Structures are given as C-alpha cells and as structure tokens.
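Structure at a glance
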Amino acid sequence: MLSLLTFLFCFVACTKEEVAPPSPITTQPNVEADTTLSYLALGDSYTIGTSVAAEERWPNQLAQALLEKESIRLEPLEIVARNGWRTDNLSNALHASDPGTDWQLVSLLIGVNDQYQGFNVDGYRSRFRALLESAIRYAGGDTSSVFVVSIPDYAYTPFGGGGAQVSADIDAFNAAAEAISISLGVPFYDIVAISREGLKTPALVAEDDLHPSGLQYRRWVDEVLLDQVAQQIRQDP
C-alpha cells in the first residue's frame, strides 16, 4: 500500500495530464533569425513545466533566448512530456507515436519519478540509455544535435524538506545519466546547483511547493543552457 507521503506526491506530480502545444508560443515571429532548427524536447513534469505558464517552461524560454540573443529560431518546437512520467512511460509514449528521425535538436530530461517511486539506479541506467539512443535516432543519428539536462533536486523544496537521502539518490541517478551521455557522445548539462537554492530562495519554487518556478527555469537557461546549446548548434556541421 502506498504511504501517505507517496500518495500526496503522486497527487501533486502524477494526476495532471498536460501535453505541450507543437510550437513555442513565446517565439516572436517577426524577429530575424539566421538559423532555424526543429526541436524535440523529451521528459516529464520538469519539461512540460508543471505549475508554470506555457511560456515559462524551460524549452520555451530556451527558444526565446536563442532567438533574441543568438538569432537561432527553434521551430517547430514539440514537447513530449507529462506529469509523473517515468522512463518507461516516456518510452511507451514514443513507441506509440514515433516522432520521426529528422529533428535538428533533441533534448532529454527524465528520471525523477523513477527515483521517487523506488526504482533502482541500475534499472534506470538501462532504460535511460535506451531513451537516449532513441533521442539520437530522432536526430538522424547525429549526437551533436542531442543534449541531456540533469534531474533537479526536489529535496530543496518545501515538499522535499531538505531530505539528505533524496539528494543522494538524485546524485546517483544523475551520475548514471551523465556517464551514459558521455559514453554516447552527448552533452550533459547540469542544473542541480541552481535547483538546490530552492529552500533559501522560495521564488525558485512554483506555487505547488514542488516544481521549479518560471524564474528557476529562466536561470537554467541563462546560466547553463543558452551559451552551451548555442555553442553546440554553431559547431554542428
């Protein structure tokens, strides 16, 4: 039987079934761009942006920042993610509706629900590798067009309450994801340090006391993703 805490977590994180629109609503259509790329973002509640507005999701904010600061337009932008998805849920969704193999940029952020629901890191490792291999296939086999974002640490939220074991688990899952990314030649971008400011800076946590706020996602983009992804795109032959 699920504990009360598990029930509450699933109520917050697993009940909504949000799917992103096929393109970012934040991109300014009249802004000049010297590069346009199709972008597929794969993940869970952190990618769909649970408890924030659509324009505050980090893929949307990344698209806006790349357009404004680097003249790179991400269009179309498609998000395949839902609240509560584990690696197997994302895999099943992708098998049911294959996104195709002509995406010019693909991102993957997945694993927090595997950790929370008690799945071990060894099982996560194999499922994550399969998903990352799929992401590479969606990018036409080009590893330089794929990137992975680390799992944020929900221990540093009012819901997580600073639990040391949660942080240790998140570190282990991220270490597995990073090692697999490196082995496959895919960049791994680490936003954990930003997420661990959530208790001392409440504005970084959404109103549900669990997920990142739009401000935290903005910091992911400004401090980690924007320069790294822009450089990755510019170096892609």
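An account of the accompanying structure is given in this report. Because the structure is predicted, anything quoted here is derived from the model rather than measured.

1. Description of the packing of aromatic side chains
On inspection of all chains with the given rule, the structure shows eight aromatic pairs. For the ring pair Tyr39 and Phe147, a centre distance of 6.4 Å and an interplane angle of 20° mean the geometry is stacked. You can see Tyr39 sitting in strand β1 (residues 35-43) and its partner Phe147 sitting in strand β4 (residues 146-149), a full 108 residues away along the chain. The burial state of Tyr39 is the same as that of Phe147; both residues are buried. Joined through ring pairs, the aromatic side chains of Tyr39, Trp58, Phe147, Tyr189, Tyr217 and Trp220 make up one cluster.

2. As for helix α4 (residues 87-96)
Regarding α4, the residues found buried are Thr87, Leu90, Ser91 and Leu94. Along the axis of α4, the buried positions cluster into a sector of 100°, meaning they face one direction only. Next to the buried residues of α4 lie β1, β2 (72-81), β3 (105-109), α5 (112-116) and α6 (121-138).

3. Considerations on the environment of Trp85
Structurally, Trp85 is set in the loop between β2 and α4. Among all residues touching Trp85, those that are not within four sequence positions of it are Gly43, Asp44, Val80, Leu90, Ala93, Ile110 and Asn113.

4. Section: unusual backbone geometry
A cis amide bond, omega 0°, links Glu75 with the succeeding residue Pro76. By the secondary structure assignment, Pro76 is in strand β2. Positive phi values are uncommon outside glycine, yet Ser51 reaches one of about 75°. At Asp209, a position not held by glycine, the phi torsion is positive, near 65°. Along the chain, the position of Asp209 falls in the loop between α8 (192-195) and α9 (214-235).

5. Some thoughts on the pairing of β2
For β2, the buried fraction is high: seven of the ten residues fall into the buried class. Note that β1 and β2 share eight bridges and pair parallel. Pairing of Thr36 across the sheet is with Arg73, part of β2.

6. Focus on the pattern of salt bridges
Counting across every chain of the model gives eleven salt bridges. As a salt-bridge pair, Glu223 and Arg219 come within 2.6 Å of each other at their nearest N and O atoms. With Glu223 and Arg219 both in helix α9 and four residues apart, the pair spans about one turn of that helix. Relative accessible area serves as the criterion here: at 47%, Glu223 is assigned to the partly exposed category. Taken together, the shared-partner salt bridges connect Lys69, Arg218 and Asp222 into one network.

7. As for the sheet that holds β3
Across the sheet, which stays open at both edges, the five strands sit in the order β2-β1-β3-β4-β5 with parallel pairing between neighbours. Both outer strands of the open sheet, β2 and β5 (188-189), are each paired with one neighbouring strand and no more. With two bridges connecting them, β4 and β5 associate as parallel partners. Directly across from Val148, in β5, lies its bridge partner Phe188. Contacts from α9 reach β1, β2, β3, β4 and β5 within the one sheet, and its direction differs from that of β4 by about 165°.

8. Some details on the side chain of Thr35
Topologically, Thr35 is positioned in strand β1. Among the polar contacts made by the side chain of Thr35, one reaches the side chain of Asp34 at a distance of 3.1 Å. Once residues lying within four places of it in the same chain are set aside, the contact partners of Thr35 are Ser71, Ile72, Arg73 and Arg234.

9. Here's the deal with the packing of helix α3 (residues 58-70) against α9
Where α3 contacts α9, the axes come no closer than 9 Å and their chain directions differ by 55°. In terms of their interaxial angle, α3 and α9 are classed as oblique. Crossing angle aside, the handedness with which α3 passes α9 is right-handed. Side by side, α3 and α9 meet where Trp58, Gln61, Leu62, Ala65, Leu66, Lys69 and Glu70 of the first sit next to Gly214, Tyr217, Arg218, Trp220, Val221, Asp222, Leu225, Leu226, Val229, Ala230, Ile233 and Arg234 of the second.

Procedures and definitions
Residues numbered from 1 in each chain as written. Predicted model: local features only at pLDDT ≥ 70, side-chain atom pairs only at ≥ 80, totals over all residues. Heavy atoms only, no water. Phe/Tyr/Trp six-rings, centres within 6.5 Å; stacked < 30°, edge-to-face > 60°. Helix = DSSP H or I, 4+ residues; strand = E, 2+ residues; numbered from the N terminus. Buried < 20%, exposed > 50% of the residue type's maximum accessible area, 1.4 Å probe, protein only. Arc of directions from axis to C-beta. Contact = heavy atoms within 4.5 Å. Pairing = 2+ DSSP bridges. Salt bridge = Lys/Arg side-chain N within 4 Å of Asp/Glu carboxyl O. Axes fitted to C-alpha atoms, helices over the stretch in contact; angles between N-to-C directions. Polar contact = N/O pair within 3.5 Å; in protein donor to acceptor, adjacent residues only side chain to side chain. Parallel < 35°, antiparallel > 145°, perpendicular 65-115°, else oblique. Left-handed = near helix turned anticlockwise from the far one by under 90°.

So yeah, pure geometry; function would need other evidence.
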